[in-house]
Amino acid sequence: MQRAFARRQRARRWLTWRYVLAVVLLVAAVGFGVYAIYFSAWLRADGVQVVGNAQLSERQVLATAEVPLGGPLATVDLHRIEVRLKSLATVKSVDVSRTWPHDIRIEIVERTPVAVLDRGDRLTNLDASGVAFGRLAKAPAGLPRVKVGPGADEDALAEGAAVVVALDAAVAELVDFVEVRTVDEIDLHLRDGRLVRWGSAEQADDKAAVLLELLNVKAEVYDVSVPGAPTTR
């Protein structure tokens, strides 16, 4: 009887110690994890990987990103790095992530130029949404030029870019530059000096088909802004 009671007592004490040991081990594991992540050199930020950049140099990306190195990788503020990089007009989107155990990865999607924006005193790239970026020393071959009038706002520039994107290849070959005055007043200046009143980017396919037929008529100005009722002058 006494032996059975003693065994039960030992079993209770062992059960209690098992719980205590489990708690101690858990606290130790958590403490070790906190130390490893936030205080040790095992998981500190030592390097930066930059991918996706073609127009921007790696030096430009790193200078703008200002990634803090030498501290815990876990505490690097990824959002702030993304905000800084989005300030670059060439950057369309960016994703910043941690690559354990030591690196920050910066993945950039750059804007794609569809035209050259000619403001008279400077040249820049223009993307399909009408965003100007990347100052140019000279216009690269293969991209149409876009010139803007004094009344052209951001919406007009976006519409001008949409016109460039929508141009039929046969029409694009004839164009010297696209002039954007307002959202609805966009003209095509042809290489032979003739002028096309294009209007907005709407009904681009219809306008292109009408224009190619209309160019057989000798004239100086072709108006296809309303493709159902084109005129020449």
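Residues numbered from 1 in each chain as written. Predicted model: local features only at pLDDT ≥ 70, side-chain atom pairs only at ≥ 80, totals over all residues. Heavy atoms only, no water.

Participant: Account for the pattern of salt bridges, naming residues and giving values.
Facilitator: One pass over the structure, following the stated rule, counts 9 salt bridges. Arginine 145 is the partner of aspartate 176 in a salt bridge, and the nearest nitrogen-oxygen pair spans 3.3 Å. Linking aspartate 176 in strand E8 (residues 175-180) with arginine 145 in strand E7 (residues 145-148), this pair joins segments that are 31 residues apart in sequence. Residue arginine 145 is classed as partly exposed on the basis of its relative accessible area, which comes to 22%. With its nearest N and O atoms 2.4 Å apart, the salt bridge here joins arginine 181 to aspartate 187. Taking relative accessible area as the criterion, arginine 181 reaches 25% and is therefore assigned partly exposed. One connected set of salt bridges, linked through shared partners, spans Arg181, Glu185, Asp187 and Arg197. (Salt bridge = Lys/Arg side-chain N within 4 Å of Asp/Glu carboxyl O. Helix = DSSP H or I, 4+ residues; strand = E, 2+ residues; numbered from the N terminus. Buried < 20%, exposed > 50% of the residue type's maximum accessible area, 1.4 Å probe, protein only.)

Participant: So, the sheet that holds strand E1 (residues 47-51): which residues are in play, and what are the values?
Facilitator: Here 3 strands make up an open sheet; going across it, the order is E1-E3-E2 and the pairing mixed. If you trace the sheet from one side to the other, it starts and ends with E1 and strand E2 (91-99), each paired once. Each neighbouring strand pair of the sheet contributes to a mean axis angle of 20 degrees, computed without reference to strand direction. Bridge count between E2 and strand E3 (residues 103-110): 8 bridges; the pairing is antiparallel. Along E3, the bridge assignment pairs arginine 98 with isoleucine 104. Together, E1 and E3 form the strand contacts of helix H2 (residues 58-65), whose direction differs from that of E1 by roughly 125 degrees. (Pairing = 2+ DSSP bridges. Axes fitted to C-alpha atoms, helices over the stretch in contact; angles between N-to-C directions. Contact = heavy atoms within 4.5 Å.)

Participant: Give me the packing of H2 against helix H3 (residues 78-86): which residues, what numbers.
Facilitator: Look at H2 against H3: their axes get within 8 Å of each other, and the N-to-C directions meet at 125 degrees. In terms of orientation, H2 and H3 fall into the oblique class. Classified by chirality, the crossing of H3 by H2 is right-handed. Here Val61, Thr64 and Ala65 of H2 lie close against H3, whose contacting residues are Ile81, Arg84 and Leu85. Of the residues belonging to the contact of H2 with H3, the class tally is 4 nonpolar, 1 polar and 1 charged. (Parallel < 35°, antiparallel > 145°, perpendicular 65-115°, else oblique. Left-handed = near helix turned anticlockwise from the far one by under 90°. Nonpolar A, V, L, I, M, F, W, Y, C, P; charged D, E, K, R; others polar.)

Participant: Help me get a handle on H2, residues and values and all.
Facilitator: Every buried residue of H2 is listed here: Val61, Thr64 and Ala65. One side of H2 carries all its buried residues, which in axial view fall inside an arc of 95 degrees. The exposed residues of H2 that point more than 90 degrees off its buried face are Arg59 and Ala63. Positioned one or two residues after H2, glutamate 66 has a phi angle of 50 degrees, which is positive. (Arc of directions from axis to C-beta.)

Participant: I'd love a proper account of the nonpolar core, names of residues and values included.
Facilitator: Side chains that are nonpolar tend, in soluble globular proteins, to be buried together. Val146, Val178, Leu188, Val196, Trp198 and Leu211 are the most contacted members of the largest nonpolar core, which has 29 residues in total. Secondary structure elements with two or more residues in this core: strand E4 (113-118), helix H4 (154-166), E8, strand E9 (186-190) and helix H6 (204-214). Per element, the largest residue contribution to this core is 5 residues, and it comes from H4. Counting residues in each nonpolar core, the second largest holds 18 residues, with Val67, Val76, Leu78 and Val94 among its members. (Core = buried A, V, L, I, M, F, W, Y, C linked by side-chain atoms within 4.5 Å.)

Participant: Residues and numbers for the packing of aromatic side chains, please.
Facilitator: Taken as a whole and assessed by the stated rule, the structure comprises 0 aromatic pairs. We note lysine 147 situated over the ring of phenylalanine 177; from NZ or CZ to the ring centre the distance is 4.3 Å. (Phe/Tyr/Trp six-rings, centres within 6.5 Å; stacked < 30°, edge-to-face > 60°. Lys NZ or Arg CZ within 6 Å of the ring centre and 35° of its normal.)

Participant: So, the sheet that holds strand E6 (residues 132-136): which residues are in play, and what are the values?
Facilitator: An order of E6-E5-E4-E7-E8-E9-E10-E11-E12 is seen for the 9 strands of this open sheet, with the pairing classed as mixed. This sheet does not close on itself; its edge strands, each paired only once, are E6 and strand E12 (231-232). Across 4 bridges, the pairing between strand E5 (residues 123-127) and E6 is antiparallel. From the neighbouring strand, leucine 123 faces E6, where its bridge partner is leucine 136.

Participant: Which residues make up unusual backbone geometry, and what values do they have?
Facilitator: Going from tryptophan 100 to proline 101, the amide bond is cis rather than trans, its omega being 15 degrees. Phi is positive for glutamate 66, which is not a glycine, with a value near 50 degrees. Along the polypeptide, glutamate 66 turns up in the loop between H2 and H3. Of note, the phi angle at glutamine 203 is positive, near 55 degrees, even though the residue is not glycine. By the secondary structure assignment, glutamine 203 is in the loop between strand E10 (195-197) and H6.

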